[in-house]
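# Structure at a glance
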Amino acid sequence: MGFGVMFFGVFFFASANVNGFDVLPDFVGYIIILYGIKCATRYCGNFKTARVAGYIGLAAAVALFGVQGVELLGANVPTTLVGAVETANSAVKIVFLMILLFAVFGLAKETGAEKTQRRSLMSLIVVPVFWLGNIAGGVINYAGIVSDGDTLKKILTAALVCEIVYVIVAAIGVFSAYMWICVEGDEDMPKRNNSKSPMDYFDRRRERERDERERIDAERKKAAEAAGKSVAEMYGVKKKKKK
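In short, a report on the structure.

All right, on to a nonpolar patch on the surface then. A grouping of Phe11, Met122, Leu160, Ile164, Ile168 and Ile172 is seen on the molecular surface, where their side chains present a nonpolar patch of about 470 Å² in accessible area. The element best represented in the nonpolar patch is helix H6 (residues 149-180), accounting for 4 residues. Here Ile168 is to be found in helix H6.

What follows is the structure, encoded as structure tokens:
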């Protein structure tokens with residue numbers, strides 16, 4: 001349904017600045033996620049708003065990439081312009097992520113995927129909190145509120161940690177949809193090509209684990225029948241732990 005693609009795209013929203021240039025540009029993340037949304041909209045209509053927000057975010061991200069590129073080439077770009085573009089990009093990005101996670105939550109609710117509901121709801125709560133922490137660090141830096149170098153370094157480190165956390169939590173919310181949501185008609189959806197992603201290998205491992213459990217259960221049942229006992233009598237019954 002495109003959730004695996006969206007999952008990888010979210011990680012481009014983390015900053016990896018080298019000499020003021022983001023080597024994980026947001027616009028690449030938007031392009032990847034929008035492709036995932038395109039796949040998802042074939043099966044449900046929950047992501048229409050997210051798609052519109054994604055295109056707006058893509059425009060803001062391209063503008064930021066352009067400004068960073070011009071600065072990297074040595075051009076003198078007004079600080080106010082750089083700040084305005086960065087602020088716009090950050091604001092649009094958090095709005096887009098919230099819309100995307102809300103769409104996942106809505107789809108999980110419709111399909112009865114309780115685990116995805118819980119995780120996407122957690123993301124909807126946690127992501128904006130840590131985003132605000134990241135923004136607070138940036139504001140303190142730009143405004144020059146803190147003059148002590150060591151203190152400012154700690155604040156900027158905390159802001160970076162906040163960014164990493166909210167990006168990871170958002171990615172978990174999307175990945176949960178990949179793991180547990182399956183809309184009607186998607187159960188046996190064929191692949192368009194033979195290329196494999198890490199998600200395919202993850203699925204294969206889960207299938208092997210399931211096959212192994214089924215093999216063990218079959219062997220136990222056969223052994224119990226040969227002994228004239230039930231599986232419970234021969235092996236005992238383990239109580240499931242409460243989650």
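Continuing now.
Look at helix H2 (residues 26-40): 21 Å from first C-alpha to last across 15 residues, which is about the 21 Å you get at 1.5 Å a residue. Among the residues making up H2, those that are buried are Asp26, Gly29, Tyr30, Ile33, Leu34, Gly36, Ile37, Cys39 and Ala40.

To continue, consider the pattern of salt bridges. Taken as a whole and assessed by the stated rule, the structure comprises 4 salt bridges. In this structure, the salt-bridge partner of Arg210 is Asp211, at a minimum N-O distance of 3.7 Å. For Arg210, a relative accessible area of 41% puts it in the partly exposed group. Overall, Asp211 belongs to the partly exposed group, its relative accessible area being 40%. The salt bridge partner of Arg215 is Glu219, with a shortest N-O separation of 2.5 Å. One end of the pair is Arg215 and the other is Glu219, both in helix H7 (residues 198-227) and 4 residues apart, which spans about a single turn.

Overall, the coordinates contain 9 aromatic pairs when judged by the stated rule. Relative to Phe105, the ring of Phe102 has its centre 6.4 Å away and its plane inclined at 35 degrees; by these criteria the two rings are tilted. Taken together, the residues span about one helical turn, with Phe102 and Phe105 both in helix H4 (residues 79-111) at a distance of 3 residues. Given the relative accessible area of 18%, Phe105 is considered buried. An aromatic cluster is defined as three or more aromatic residues linked by ring pairs; in this entry it consists of Phe7, Phe8, Phe11 and Phe175.

Note that Ile31 resides in helix H2. Look at Ile31 and you get partly exposed, because its relative accessible area is 45%. For the pair Ile31 and Gly54, spaced 23 residues apart in sequence, the C-alpha to C-alpha distance is 8.4 Å.

Quick look at the side chain of Ser120 now. With respect to the secondary-structure elements, Ser120 resides in helix H5 (residues 114-143). Looking at Ser120, its side chain comes within polar contact range of the main-chain oxygen of Gln117, at 3.2 Å. Excluding residues within four positions of it along the chain, Ser120 makes contact with Leu101, Val104 and Phe105.

We now examine the side chain of Ser90. Relative to the elements of secondary structure, Ser90 occurs in helix H4. Excluding residues within four positions of it along the chain, Ser90 makes contact with Trp131 and Ile135.

Bringing the packing of H2 against helix H3 (residues 48-72) into the picture now. Describing two packed helices takes the angle between their axes plus the distance from one axis to the other. Running from N to C, H2 and H3 cross one another at 160 degrees; their axes reach a closest spacing of 8 Å. When the axes of H2 and H3 are compared, the pair comes out roughly antiparallel. Our pair here, H2 against H3, has a crossing hand that is left-handed. Listed contacts from H3 to Asp26, Phe27, Tyr30, Ile31, Leu34 and Ile37 of H2 are Ala50, Arg51, Gly54, Tyr55, Gly57, Leu58, Ala61, Val62 and Phe65. Across the contact of H2 with H3, the residue classes tally to 11 nonpolar, 2 polar and 2 charged.

Criteria and thresholds
- Residues numbered from 1 in each chain as written.
- Predicted model: local features only at pLDDT ≥ 70, side-chain atom pairs only at ≥ 80, totals over all residues.
- Heavy atoms only, no water.
- Patch = residues over 30% accessible without salt bridge, like charges linked within 9 Å, V, L, I, M, F, W, Y side chains within 5 Å.
- Areas by Shrake-Rupley, 256 points an atom, 1.4 Å probe, with all protein chains shown as cover.
- Salt bridge = Lys/Arg side-chain N within 4 Å of Asp/Glu carboxyl O.
- Helix = DSSP H or I, 4+ residues; strand = E, 2+ residues; numbered from the N terminus.
- Expected span 1.5 Å × (residues − 1).
- Buried < 20%, exposed > 50% of the residue type's maximum accessible area, 1.4 Å probe, protein only.
- Phe/Tyr/Trp six-rings, centres within 6.5 Å; stacked < 30°, edge-to-face > 60°.
- Polar contact = N/O pair within 3.5 Å; in protein donor to acceptor, adjacent residues only side chain to side chain.
- Contact = heavy atoms within 4.5 Å.
- Axes fitted to C-alpha atoms, helices over the stretch in contact; angles between N-to-C directions.
- Parallel < 35°, antiparallel > 145°, perpendicular 65-115°, else oblique.
- Left-handed = near helix turned anticlockwise from the far one by under 90°.
- Nonpolar A, V, L, I, M, F, W, Y, C, P; charged D, E, K, R; others polar.

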